[in-house]
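Examination of the molecular architecture
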Amino acid sequence: MSAKSLTTCSGIGGGVGRWSPVAWNPFSSATQLTVITLLSSVFSTTATPSSTMKIAIIVAILVALVAAQQEPVAIVSSNSETNADGSYTYAFETADGTKVEESGSQKQVGPKPEDIGTVSRGSYSYTSPDGVVITVNWVADEKGFQATGDHLPTPPPMPEHVVKLLADLKAAGAL
């Protein structure tokens, strides 16, 4: 890609914003001057909580600079729909095979009419560095966020004595 790569902006709610023909150059002279100035001010002081915080900020800036060196990935498809009743759906796919889908609607989650919340469900998938496609399906509702995927860890089976104990407690009305 050229120096003027296409990048995207994220909007509120995760929607895809406008295309920008300008890619940020993390190694411009202004950026280098800023980093050098920050570094010199940090190392010109003695170790205090303030200087420790400055070091942490500089490390974060350097990490951001390294991350910014990655080439932007083009969005090959994008769909978004918001309805008057509060329901919505959106999906996009990038040139590297990343896919995201989400839909949601308003639902009464409590006894009062004003106890309304958004119930959402969706999925995303991407290719891991070792070439495996990772897919996560999820639901976010009154029970919280629940994600499922073949790569996610699962708890071991409950020991038999615990299963029996729970059954006995349930039969006795203690649960």
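Computed from a prediction, not measured in an experiment: that's the story for all the values here.

Cut-offs applied
Here the residue numbers are simple positions, counted from 1 along each chain's written sequence. For a predicted model such as this one, the threshold for reporting local features is a pLDDT of at least 70, and the threshold for listing and counting side-chain atom pairs is 80 or more; totals across whole chains, interfaces and linings nevertheless cover every residue. The side-chain values count all of the structure's non-hydrogen atoms but skip hydrogen atoms and water molecules. Here the rule is simple: two strands pair whenever DSSP picks up at least two bridges between them. To qualify as a helix, a DSSP run of H or I must reach at least 4 residues; to qualify as a strand, a run of E must reach at least 2; elements of each kind are numbered from the N terminus. Where helices are involved, their axes are fitted lines through C-alpha atoms of the stretch in contact, as for all axes, and angles between N-to-C directions lie from 0 to 180°. The working definition used for a salt bridge is a side-chain nitrogen of Lys or Arg within 4 Å of a carboxyl oxygen of Asp or Glu. Whether a residue is buried, partly exposed or exposed follows from its accessible area with a 1.4 Å probe, protein chains only, as a fraction of its type maximum: under 20%, in between, or over 50%, in that order. The pLDDT value expresses, per residue, how confident the predictor is, ranging between 0 and 100. For this analysis, residues touch if any pair of their heavy atoms sits within 4.5 Å.

1. Considering the sheet that holds strand 3 (residues 75–82)
Across the sheet, which stays open at both edges, the six strands sit in the order 3-4-5-6-7-8 with antiparallel pairing between neighbours. Each having just a single partner strand, strand 3 and strand 8 (144–148) make up the two edges of the open sheet. Across the sheet, the axes of successive neighbouring strands diverge by a mean angle of 10°, strand direction being ignored.

2. Overview of the pattern of salt bridges
Applying the stated criterion to the full structure yields two salt bridges. Residue K107 pairs with E142 through a salt bridge whose shortest N-O separation is 2.9 Å. Of the two residues, K107 is situated in strand 5 (residues 99–108) and E142 in the loop between strand 7 (133–141) and strand 8; the sequence distance between them amounts to 35 residues. A relative accessible area of 44% means that E142 is categorised as partly exposed. Across the pair K164 and D168 runs a salt bridge, and its minimum N-O distance is 3.1 Å. Here K164 and its partner D168 are both found in helix 3 (residues 160–171), four residues apart, which amounts to about one turn of the helix. Taking relative accessible area as the criterion, D168 reaches 41% and is therefore assigned partly exposed.

3. Let's talk about the confidence of the model for the chain
Of the residues in the chain, 66% have a pLDDT of 70 or more, and the chain-wide mean is 75. Ignoring residues within four places in sequence, the model shows residues 1–30, a span with pLDDT below 50, making 46 contacts including any to other chains.

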